[in-house]
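What follows is each chain in one-letter form.
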Amino acid sequence: MNIHQQKILILDFGSQYTQLIARRVREAGVYCEIHHWSCPQEDFDAFAPQGVILSGSPESANLVDSPSVPDHILRSKLPILGICYGMQTLAEQLGGKVEGSHKSEFGYARVEILGVDSLLSGLEHEIVDNERQYQDVWMSHGDKVTRLPPDFVCTAATDSAPIAAMMSNDGRIHALQFHPEVTHTKAGQQLLNRFVHDICKCERLWTAVNIIDDAIAGVRKQVGKDQVLLGLSGGVDSSVVAALLHRAIGDQLTCVFVDNGLLRLHEGDQVMEIFAKNMGVKVIRANAQDNFLGKLAGVSDPEQKRKIIGNTFIEVFDAEASRLVTKEGGAVKWLAQGTIYPDVIESAKSKYGTAHVIKSHHNVGGLPENMKMALVEPLRELFKDEVRRIGVALGLPPQMVYRHPFPGPGLGVRILGEVKKEYADVLRNADAIFIEELHKSGWYDKTSQAFAVFLPVKSVGVVGDARRYSWVIALRAVETIDFMTARWAHLPYELLETVSNRIINEIREVSRVSYDISSKPPATIEWE
């Protein structure tokens, strides 16, 4: 079985929802890839999709230099689904008209379904009123189609957008002004399922079991009998890589776990327990706390801290790798990494000059030139939610796989200013209390990321009859779908009170606890 044989091409016009479109297609059990909207003929032919989806965009389709669908794709006779800007550029390119709207639509809208349409008719969550059919959808647009292209019919409308969806007479091209990929469009997943399965004729081949089987076969073919080295951080990506490679090549895999002294409470022991003891994976634990903290002494700048932690990690990892030799007496030839598909997309964006750097990436990137190892990246086609699903399928504990994200520099970027061991110890314990209470209350799974931050300022407090002049801890919890934007989590006051009381009572070095109510943007999720 070739699970990549049937696939969908997604052209990215710059929408914040493009990756969400791809994730929804993957949830439908169909492989897809995101390519720049200018996708050249040779790339298109090499990919050979069964259908094409056009993303939204902040651009206006009726300007001279607007991004557009390449002519070779329009001539391909493949099924096409245009979403928001994708609909508008199709209208302009095929002979219709797009104009700026006096009334923009942002948020919920109710569209009326007009006539019989293979994509929109009879969807779940349909609302019937006086024999007229409606769907609740999510809109996000300023421009709108005001004239249909020749040989197209209007299939949905709202009061402010009389052409809210359109379809070619032959049923090959469909276009929507609304966004089916967001959860606010209630029938959105079913709509996308219809497009990829019924219209594009793709089978449901992209499943966790098939992905694992395909990855195992790929790794075995790639590395043969050679030894593979993996830097195991205890995070989701590297943990799933370890489990996958262990199943694929067994004792050909050696993991190096670098304990930098900036991990969560008992994390090092937990990693060794799961992988070395329970799964039988070869894991070398490098206790490098003093090395890391020594190099971080006196350093307060966040970017400088990241670089020190990243470079020191590579130094320690390289030192451990140099001690390993294969059974044949030579150096290890392969280095495994937990690269995932969003990393690949960002690299592709940089090719077109559309990626912006807010701060250095949390994960350590790049290889020391003297390591001379080739890469094994079995997760590079997967989104994070897919990585989690195959992690569970591989037998990893759900509490590890579905744990909140943790930055590569660890507590180093959650301790503001200089990093010291005493600060890290205080923060570790405060963070553990916060996470424990989130689990107890049922709020852990309702939030996307939650953690504590150490503030290098002291505040006066009163404990019993004694004065306490100690450190301040800030709590942070957010809700998000894609981590591009995030809303601060509205945790119950009673929960925050419980966490605050426990931290102050159980950690004598803390006298005050605050809660961060900043959303992203303008704030970032991590404090540094």
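Residues numbered from 1 in each chain as written. Predicted model: local features only at pLDDT ≥ 70, side-chain atom pairs only at ≥ 80, totals over all residues. Heavy atoms only, no water.

### Some words on the overall build of the protein chain
Part 1: Tallying secondary structure elements over the protein chain gives 15 helices and 19 strands in all.
Part 2: Within the protein chain, the proportion of its 528 residues that are buried is 54%.
Part 3: The contacts of the protein chain with a sequence gap of at least 6 include a subset with a gap of at least 24, amounting to 76%.
Part 4: Of the roughly 23,800 Å² that the protein chain leaves accessible, carbon and sulfur atoms contribute 50%.
Part 5: Each charge class in the protein chain can be summarised by its mean position, and for the 56 positive and 66 negative side chains these summaries are 4 Å apart. (Helix = DSSP H or I, 4+ residues; strand = E, 2+ residues; numbered from the N terminus. Buried < 20%, exposed > 50% of the residue type's maximum accessible area, 1.4 Å probe, protein only. Contact = heavy atoms within 4.5 Å. Areas by Shrake-Rupley, 256 points an atom, 1.4 Å probe, with all protein chains shown as cover. Lys, Arg positive; Asp, Glu negative; His and termini not counted. Charge placed at Lys NZ, Arg CZ, Asp CG, Glu CD.)

### Focus on helix α9 (residues 289-296)
Count 3.6 residues to each turn of an α-helix, and residues three or four apart come out pointing the same way.
Part 1: Residues Phe292, Leu293 and Leu296 constitute the buried set of α9. Looking straight down α9, one finds its buried side chains confined to an arc of 90 degrees; they lie on one side.
Part 2: Buried residues belonging to α9 abut β12 (253-259), α10 (302-322) and α14 (421-441).
Part 3: Where α9 terminates, the next one or two residues include glycine 298, which has phi positive at roughly 80 degrees. (Arc of directions from axis to C-beta.)

### Notes on the side chain of glutamine 449
Part 1: Positionally, glutamine 449 belongs in strand β16 (residues 449-463).
Part 2: The exposure class assigned to glutamine 449 is buried, which follows from its relative accessible area of 5%.
Part 3: Among the polar contacts made by the side chain of glutamine 449, one reaches the side chain of glutamate 526 at a distance of 3.1 Å.
Part 4: Once residues within four sequence positions are removed from consideration, glutamine 449 is found in contact with His404, Pro405, Arg414, Arg476, Ala477, Val478, Phe483, Ile525 and Glu526. (Polar contact = N/O pair within 3.5 Å; in protein donor to acceptor, adjacent residues only side chain to side chain.)

### Some points on the pattern of salt bridges
Part 1: Taken as a whole and judged by the stated rule, the model has 27 salt bridges.
Part 2: The partner of arginine 26 in a salt bridge is glutamate 386, with the nearest N and O atoms 2.6 Å apart. Of the two residues, arginine 26 is situated in helix α1 (residues 18-27) and glutamate 386 in helix α12 (residues 384-393); the sequence distance between them amounts to 360 residues.
Part 3: Judged by relative accessible area, glutamate 386 falls into the buried class, the value being 3%.
Part 4: With a shortest N-O distance of 2.8 Å, aspartate 136 and arginine 110 are connected by a salt bridge. Placement of aspartate 136 in strand β7 (residues 132-147) and of arginine 110 in strand β5 (residues 97-113) is noted, with a sequence separation of 26 residues between them. (Salt bridge = Lys/Arg side-chain N within 4 Å of Asp/Glu carboxyl O.)

### Some thoughts on the confidence of the model for the protein chain
Caution is warranted with low-pLDDT regions, since their predicted coordinates should not be read in detail.
Part 1: Looking at the protein chain as a whole, its pLDDT mean stands at 89, while 93% of the residues score no less than 70.
Part 2: Here residues 355-366 is modelled with pLDDT under 50, and outside its nearest four sequence neighbours on either side it reaches 24 contacts, counting other chains as well. (pLDDT = per-residue confidence, 0-100.)

### Details of the sheet that holds strand β13 (residues 282-287)
Part 1: The sheet built from five strands is open, its strands ordered β13-β12-β11-β14-β15 with parallel pairing. In this open sheet, the two edge strands, each paired with only one partner strand, are β13 and β15 (374-376). The sheet shows a mean angle of 30 degrees between the axes of neighbouring strands, taken without regard to direction.
Part 2: Bridge count for strand β14 (residues 334-336) against β15 is three bridges, and the pairing is parallel. Across the sheet, leucine 335 pairs through a bridge with leucine 375, a residue of β15.
Part 3: Sitting on the sheet, helix α8 (residues 267-278) is in contact with β12 and β13, with an inclination near 165 degrees to β13. (Pairing = 2+ DSSP bridges. Axes fitted to C-alpha atoms, helices over the stretch in contact; angles between N-to-C directions.)

### Let's talk about the environment of isoleucine 83
Part 1: If you trace the backbone, isoleucine 83 turns up in strand β4 (residues 80-83).
Part 2: Overall, the relative accessible area of 0% leaves isoleucine 83 in the buried class.
Part 3: In the structure, isoleucine 83 is positioned 94 residues away from glutamine 177 in sequence and 6.0 Å away in space, judged by C-alpha atoms.
Part 4: The contacts of isoleucine 83, once residues within four sequence positions are left out, are Ile21, Ile53, Leu54, Ser55, Gly56, Leu176, Phe178, His179, Pro180 and Glu181.

### Overview of the packing of α14 against helix α15 (residues 493-506)
Part 1: With their axes 10 Å apart at the nearest point, α14 and α15 run at an angle of 145 degrees to one another. In the packing of α14 onto α15, the handedness of the crossing is right-handed. Within the contact between the two elements, α14 uses Ala430, Ile433, Phe434, Glu436, Glu437, Leu438, Lys440 and Ser441 and α15 uses Leu495, Thr498, Val499, Arg502, Ile503 and Glu506.
Part 2: Within the contact of α14 with α15, the residues separate by chemical class into seven nonpolar, two polar and five charged. (Left-handed = near helix turned anticlockwise from the far one by under 90°. Nonpolar A, V, L, I, M, F, W, Y, C, P; charged D, E, K, R; others polar.)

### Regarding the nonpolar core
Part 1: In terms of nonpolar packing, the biggest core is built from 68 residues, with Leu11, Val52, Phe275 and Leu379 touching the most fellow members.
Part 2: The leading source of residues in this core is helix α7 (residues 236-249), at nine residues.
Part 3: Apart from residues lying up to four places away in sequence, valine 52 is in contact with Leu9, Leu11, Phe44, Ile73, Leu78, Pro79, Ile80, Leu81 and Phe195. (Core = buried A, V, L, I, M, F, W, Y, C linked by side-chain atoms within 4.5 Å.)

### Notes on the pairing of β13
Part 1: In this sheet, β13 lies alongside β12 in parallel orientation, the contact comprising six bridges. The residue bridging cysteine 255 from the neighbouring strand is valine 283, located in β13.
Part 2: Crossover handedness for the path β12 to α8 to β13: right-handed. (Right-handed = clockwise from strand over helix to strand, strands pointing away.)

### Overview of the packing of aromatic side chains
Part 1: In the structure shown here, the tally under the stated rule is ten aromatic pairs.
Part 2: Judged by centre distance (4.8 Å) and plane angle (45 degrees), the ring pair of tyrosine 31 and tryptophan 206 falls under tilted. With tyrosine 31 in strand β2 (residues 31-36) and tryptophan 206 in the loop between α5 (188-199) and α6 (208-223), this pair connects stretches of sequence that are 175 residues apart.
Part 3: According to the relative accessible area criterion, tyrosine 31 is buried, its value standing at 3%.
Part 4: Taking 5.3 Å as the distance between ring centres and 80 degrees as the angle between the ring planes, the aromatic pair formed by tyrosine 341 and phenylalanine 383 counts as edge-to-face. (Phe/Tyr/Trp six-rings, centres within 6.5 Å; stacked < 30°, edge-to-face > 60°.)

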